[in-house]
Amino acid sequence: MKAAKFDLQIAATLAAAGDELVARGFDSKVVAGSQSLGPMLNLRLVRPTQLIDISGLSELRGVTTDHQTIRIGAGVTHAEIEDGIYPALLNHPWKKVAANIAYRSVRNRGTIGGSLAHADPAADWVLAATAMNADIDIVSVDPNDGALAIRTAPMQKFMIAAYTTVLEPHDIIHSISLPLSSAHAKWGYYKFCRKVGEFAHASCAVYINDVDRCANIAIGALDGPPKLLPELASKIIDSGWSAMPGSLQNEAVVKAVSAAIPERDPIDQKMYTTAVIRALNKAFNSGAVDD
Ligand SMILES: Cc1cc2nc3c(=O)[nH]c(=O)nc-3n(C[C@H](O)[C@H](O)[C@H](O)COP(=O)(O)OP(=O)(O)OC[C@H]3O[C@@H](n4cnc5c(N)ncnc54)[C@H](O)[C@@H]3O)c2cc1C
């Protein structure tokens with residue numbers, strides 16, 4: 001099928017994009033890489049009468065750091081993260097997350113902001129950003145006077161349900177802020193796909209920083225936002241992971257997974273249990289499975 005007819009505006013500035021959103025209301029939508037919106041338009045699941053192309057906006061590009069945060073512009077593509085073109089992300093674990101999203105042609109166009117805004121439960125950035133305690137910086141346009149205001153939503157509250165976020169129609173994601181990686185931080189990521197380039201069928205991201213006692217184990221590719229396994233995370237902070245005998249590791253993960261997704265059948269629970277164990281093994285580098 002082909003998309004219904006729409007106007008296309010190429011935004012010159014963030015403020016101009018905001019003005020267009022306000023002027024056309026629900027008939028208008030921003031488009032970044034079009035890797036998710038394009039198929040939705042073709043299937044006529046969405047029918048905006050106007051698209052505002054924000055892919056060229058310098059305000060949404062680039063990666064910067066301050067003493068505790070890495071800020072990734074919403075318009076940064078998966079391929080740019082994969083290629084390590086930004087020094088702040090050169091040795092970052094998210095390079096590998098990016099490299100395993102879809103195919104290179106999708107990664108060349110798709111953006112991190114577009115992926116988070118689209119909020120597919122199986123999306124890699126949704127899970128990675130949840131586990132890493134990311135914050136989402138959002139620019140809102142005041143419909144009365146067109147003034148721009150910035151607010152921040154923690155990723156763990158940003159996605160409400162499948163394809164639903166806290167974004168209002170006049171909101172544009174500006175950037176994603178992550179804690180600056182320290183030598184103490186541990187990261188593990190694992191996703192099951194039937195074939196390369198597919199969305200995950202079960203996934204897990206682990207972020208553990210002993211220094212600030214932050215520990216998140218998140219599972220994704222569920223029916224809605226990722227779910228955290230807080231009791232398992234505390235246990236690992238207290239007792240360690242590598243020091244635990246294999247049988248206890250398995251028992252602890254089975255317990256955490258079945259508590260988080262009791263509605264899933266035993267095969268799904270087994271798949272998630274394996275994803276969590278593999279992500280933890282990667283984080284603690286013990287028998288890490290490298291996919
Ligand atoms: C074949 C295929 C396989 C894929 N496999 C995977 C996969 O394995 N893992 C994965 O994570 N993803 C996968 N994707 C999705 C891909 O990562 C997309 O790039 C991503 O979901 C959307 O990014 P985009 O920049 O293309 O957004 P667009 O398609 O341009 O926009 C998506 C939505 O976000 C909104 N939006 C875009 N930018 C902003 C912004 N800055 N602020 C507010 N709203 C915004 C748009 O209005 C739209 O509603 C796949 C896509 C395809 C086509």
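Provided above is the structure to which this section pertains.
Residues numbered from 1 in each chain as written. Predicted model: local features only at pLDDT ≥ 70, side-chain atom pairs only at ≥ 80, totals over all residues. Heavy atoms only, no water.

A closer look at the overall build of the chain
Helix and strand counts for the chain stand at eleven helices and 14 strands. In terms of overall size, the chain behaves like a compact globule, its C-alpha atoms giving a radius of gyration of 19 Å where 291 residues would be expected to give roughly 19 Å. Its C-alpha atoms give the chain principal-axis dimensions of about 60 × 45 × 35 Å. Out of the 291 residues belonging to the chain, those deemed buried represent 49%. For the chain, restricting intrachain contacts to residue pairs at least 6 apart in sequence, the fraction spanning at least 24 positions comes to 61%. When the accessible area of the chain is evaluated, it comes to approximately 13,800 Å², of which 53% is carbon and sulfur surface. The centroid of the 27 positive side-chain charges in the chain is displaced by 7 Å from the centroid of its 30 negative side-chain charges. (Helix = DSSP H or I, 4+ residues; strand = E, 2+ residues; numbered from the N terminus. Rg over C-alpha atoms; globule rule 2.2 N^0.38 Å. Buried < 20%, exposed > 50% of the residue type's maximum accessible area, 1.4 Å probe, protein only. Contact = heavy atoms within 4.5 Å. Areas by Shrake-Rupley, 256 points an atom, 1.4 Å probe, with all protein chains shown as cover. Lys, Arg positive; Asp, Glu negative; His and termini not counted. Charge placed at Lys NZ, Arg CZ, Asp CG, Glu CD.)

Looking at the sheet that holds strand β4 (residues 63-65)
Two modes of strand pairing occur in sheets, parallel and antiparallel, and in both the strands are linked by backbone hydrogen bonds. Judged by pairing direction, the sheet is antiparallel, and its five strands sit side by side in the order β4-β5-β10-β6-β7 without closing on themselves. Of all the strands in the sheet, just β4 and β7 (148-154) have a single pairing partner and so form its edges. Ignoring strand direction, the axes of neighbouring strands in this sheet form an average angle of 25 degrees. Two strands pair when backbone bridges link them, and β4 and strand β5 (residues 69-73) are joined in this way by three bridges, in the antiparallel orientation. Residue Thr 64 lies in a different strand from β5, and its bridge partner there is Arg 71. Taken strand by strand, helix α1 (residues 14-24) contacts β6 (135-141), β7 and β10 (171-179), and its axis lies near 130 degrees from that of β10. (Pairing = 2+ DSSP bridges. Axes fitted to C-alpha atoms, helices over the stretch in contact; angles between N-to-C directions.)

Here we look at the nonpolar core
Ile 72, Ile 81, Trp 94, Leu 116, Trp 125, Met 155 and Trp 187 are the most contacted members of the largest nonpolar core, which has 40 residues in total. Looking at this core, the element that brings in the most residues is helix α7 (residues 124-131), giving six residues. The contacts of Trp 125, once residues within four sequence positions are left out, are His 78, Ile 81, Trp 94, Val 97, Ala 98, Ile 101, Ile 112, Ser 115, Leu 116 and Thr 130. If you look at the next biggest cluster of nonpolar residues, it comprises 34 residues, including Ala 256, Ala 260, Val 276 and Phe 284. (Core = buried A, V, L, I, M, F, W, Y, C linked by side-chain atoms within 4.5 Å.)

What about the sheet that holds strand β1 (residues 7-10)?
Read from one edge to the other, the open sheet built from three strands follows the order β1-β3-β2, with strand pairing classed as parallel. If you trace the sheet from one side to the other, it starts and ends with β1 and β2 (28-31), each paired once. Adjacent strand axes in the sheet meet at a mean angle of 25 degrees when their direction is disregarded.

Here we look at the environment of Ile 160
Here Ile 160 lies in strand β8 (residues 159-161). Separated by 41 residues in sequence, Ile 160 and Ala 119 place their C-alpha atoms 8.9 Å apart. The contacts of Ile 160, once residues within four sequence positions are left out, are Thr 165, Val 166 and Pro 225.

Re the pairing of strand β3 (residues 50-53)
Going residue by residue along β3, you find Gln 50 and Ile 52 tucked away on one face and Leu 51 and Asp 53 tucked away on the opposite face as well. Examined bridge by bridge, β1 and β3 share four bridges and lie parallel to one another. The residue bridging Leu 8 from the neighbouring strand is Leu 51, located in β3. Running through helix α2 (residues 37-42), the crossover from β2 to the neighbouring parallel element β3 is right-handed. (Right-handed = clockwise from strand over helix to strand, strands pointing away.)

Some details on the pairing of β2
With four bridges joining them, β2 and β3 adopt parallel strand pairing. Paired with Val 30 across the bridge in β3 is Ile 52.

Things to note about the side chain of Asn 216
Among the secondary structure elements, Asn 216 is positioned in strand β13 (residues 214-220). Those residues in contact with Asn 216 that lie beyond four places of it in its chain are Thr 130, Ala 131, Asn 133, Gln 156, Ala 205, Val 206, Tyr 207 and Leu 228.

Things to note about the site of the ligand
Not every one of the 32 residues close to the ligand is listed here, only the nearest: Val 30, Leu 37, Thr 111, Asp 124 and Ile 173. Contact distances for the ligand include 2.7 Å between a nitrogen atom and a backbone N or O atom of Ile 173. For the ligand, whose accessible area on its own is 970 Å², the fraction buried by protein is 90%. For the shell around the ligand, the secondary structure elements donating two or more residues are β2, α6 (112-118) and β10. Split by residue class, the shell around the ligand holds 16 nonpolar, eleven polar and five charged. (Near = heavy atom within 4 Å. Polar contact = N/O pair within 3.5 Å; in protein donor to acceptor, adjacent residues only side chain to side chain. Nonpolar A, V, L, I, M, F, W, Y, C, P; charged D, E, K, R; others polar.)

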